[in-house]
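Chain and residue survey
Listed here are the chains, written in short residue letters.
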Amino acid sequence: MKTLVKLTLASVVVLGTAYGALAAEFTKATVKKIDTKAKKVTLIHEELKSLDMPAMTMVFRIQDDAIMEKLKEGAKIEFVAERVNGKLTVTQVK
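The structure displayed is predicted, hence computed values, not measured ones.

**Observations concerning the pairing of strand 3 (residues 56-62)**
With six bridges joining them, strand 2 (residues 40-45) and strand 3 adopt antiparallel strand pairing. Along strand 3, the bridge assignment pairs Ile 44 with Thr 57.

Here it is in structure tokens:
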């Protein structure tokens, strides 16, 4: 019985994590500056509800080169930011 409960709880945790990844909320922003060498982008963004952050201008890390290629200074984008190893990082762009 205890094993069944543990497996059920593990399944709930895995499904909850997968659902959270699918339910990422995009935020509107304007690309102010791109630093390709440092893999950073400065965004003028609306409120980041997922990070409990008001609208502001700030610098984010970019880990994925494919995301960096999508960015152009002055472009209007929608993005998802997350804390990756303690650093605010853009993880999705559209």
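Following the structure, the description resumes.
**Some words on unusual backbone geometry**
Negative phi characterises most residues that are not glycine, and trans characterises most peptide bonds. Positive phi outside glycine occurs at Lys 39, with the angle close to 55 degrees. Among the residues examined, Lys 39 registers a relative accessible area of 32% and is labelled partly exposed. Positive phi, close to 55 degrees, is recorded for Asp 52, a residue that is not glycine. One can find Asp 52 in the loop between strand 2 and strand 3. Overall, Asp 52 belongs to the exposed group, its relative accessible area being 69%.

**Regarding the sheet that holds strand 2**
Strand order around the closed barrel formed by five strands is 1-2-3-5-4, with mixed pairing between neighbours. Here the average twist between neighbouring strands, direction ignored, is 55 degrees.

**A word on the environment of Ala 81**
By the element assignment, Ala 81 lies in strand 4 (residues 76-84). With 11 residues separating them in the primary sequence, Ala 81 and Gln 92 have C-alpha atoms 7.3 Å apart.

**Let's talk about the nonpolar core**
Membership of the largest hydrophobic core comes to 20 residues, with the highest contact counts inside it found for Val 41, Leu 43, Phe 60, Leu 71, Ile 77, Phe 79 and Val 90. Counting residues per element, the ones that place at least two in this core are strand 1 (27-35), strand 2, strand 3, helix 2 (65-70), strand 4 and strand 5 (87-93). Residues in contact with Val 90, not counting those within four places in the same chain, are Val 41, Leu 43, Phe 60, Arg 61, Ile 62, Ile 67, Phe 79, Val 80 and Ala 81.

Rules of the game
- Residues numbered from 1 in each chain as written.
- Predicted model: local features only at pLDDT ≥ 70, side-chain atom pairs only at ≥ 80, totals over all residues.
- Heavy atoms only, no water.
- Pairing = 2+ DSSP bridges.
- Helix = DSSP H or I, 4+ residues; strand = E, 2+ residues; numbered from the N terminus.
- Buried < 20%, exposed > 50% of the residue type's maximum accessible area, 1.4 Å probe, protein only.
- Axes fitted to C-alpha atoms, helices over the stretch in contact; angles between N-to-C directions.
- Core = buried A, V, L, I, M, F, W, Y, C linked by side-chain atoms within 4.5 Å.
- Contact = heavy atoms within 4.5 Å.

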